[in-house]
Amino acid sequence: MPGAERLRDSAELLVIMRKQKEEGRLLAAVCASPSVVLHHHGLIGDAPATAHPGFSGALSNQEAVQQRVVRSGTVITSRGPGTTLEFALRLVAELYDEKKALDVAGPMVVAAGWEKALE
């Protein structure tokens, strides 16, 4: 939690995040940060998102908080340390393509079902 608070309170990071949002570029956050950082600064709005169960209650839209990885427009959120591999592979799919995410996941012996993060 102190890490998310430090990110939330960083004026420099806020400038970067707002510029990313204005330019329609990706914003991504995991664990407490979707709530503590992105939601706090109005960067999620009422779009579906997820966060760590201890922080997801603060999100305006609760429809997707149980999902492991959520993409809403240009914002990608994930629940916590146990979902970071799926989160990372979703980012690979966004920054490259789905085939690249599958190619990366193969040699890593990722558990079956991770592909739901690509939906």
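All of the points below concern the structure found in this document. (Residues numbered from 1 in each chain as written. Predicted model: local features only at pLDDT ≥ 70, side-chain atom pairs only at ≥ 80, totals over all residues. Heavy atoms only, no water.)

1. Quick look at the pattern of salt bridges
Note the cut-off: In the sections that follow, a salt bridge refers to a side-chain nitrogen of Lys or Arg positioned within 4 Å of a carboxyl oxygen of Asp or Glu. Relative accessibility under 20% of the residue-type maximum defines a buried residue, over 50% an exposed one, and the middle range a partly exposed one, all with a 1.4 Å probe and only protein chains included.
Applying the stated criterion across every chain yields a total of seven salt bridges. In this structure, the salt-bridge partner of R8 is D9, at a minimum N-O distance of 2.8 Å. Given a relative accessible area of 54%, D9 falls into the exposed group. One salt-bridge network, in which partners are shared between bridges, spans K19, E23 and R25.

2. Here we look at the pairing of strand β2 (residues 69-72)
So the rule is basically this: Here the rule is simple: two strands pair whenever DSSP picks up at least two bridges between them. Secondary structure elements follow DSSP: runs of H or I of four or more residues count as helices, runs of E of two or more count as strands, with numbering from the N terminus.
The pairing of β2 with strand β3 (residues 75-78) spans four bridges and is classified as antiparallel. Paired with R71 across the strands is I76, a residue of β3. Counting the residues between successive antiparallel strands, the hairpin from β2 to β3 contains two residues, one of them, G73, with a positive phi of roughly 65 degrees.

3. Overview of the pairing of β3
With burial as the criterion, each face of β3 is covered, one bearing V75 and T77 and the other bearing I76 and S78. By the bridge criterion, four bridges tie strand β1 (residues 27-30) to β3 in an arrangement that is parallel. What sits directly across from A28, in β3, is I76.

4. Considerations on a nonpolar patch on the surface
Cut-off, in case you're wondering: The patches reported here contain residues having more than 30% relative accessible area and no salt bridge. Joining distances are 9 Å for like charges and 5 Å for nonpolar side chains (Val, Leu, Ile, Met, Phe, Trp, Tyr). For the area figures, the Shrake-Rupley method with a 1.4 Å probe applies, and any residue is considered shielded solely by the protein chains shown.
A cluster of nonpolar side chains, namely L85, V104 and M108, defines an oily patch on the protein surface of about 220 Å² accessible area. As for its position among the elements, V104 is in helix α5 (residues 98-108). Using a relative accessible area of 31% as the deciding quantity, one classes V104 as partly exposed.

5. Things to note about unusual backbone geometry
One non-glycine residue, C31, lies in the positive phi region at around 70 degrees. Along the chain, C31 turns up in the loop between β1 and α3 (33-39). Exposure remark for C31: the relative accessible area of 26% places this residue in the partly exposed category. Positioned with a positive phi, V109 is a non-glycine residue whose angle comes to about 55 degrees.

So far we have only geometry, and geometry alone does not tell us how the molecule works.
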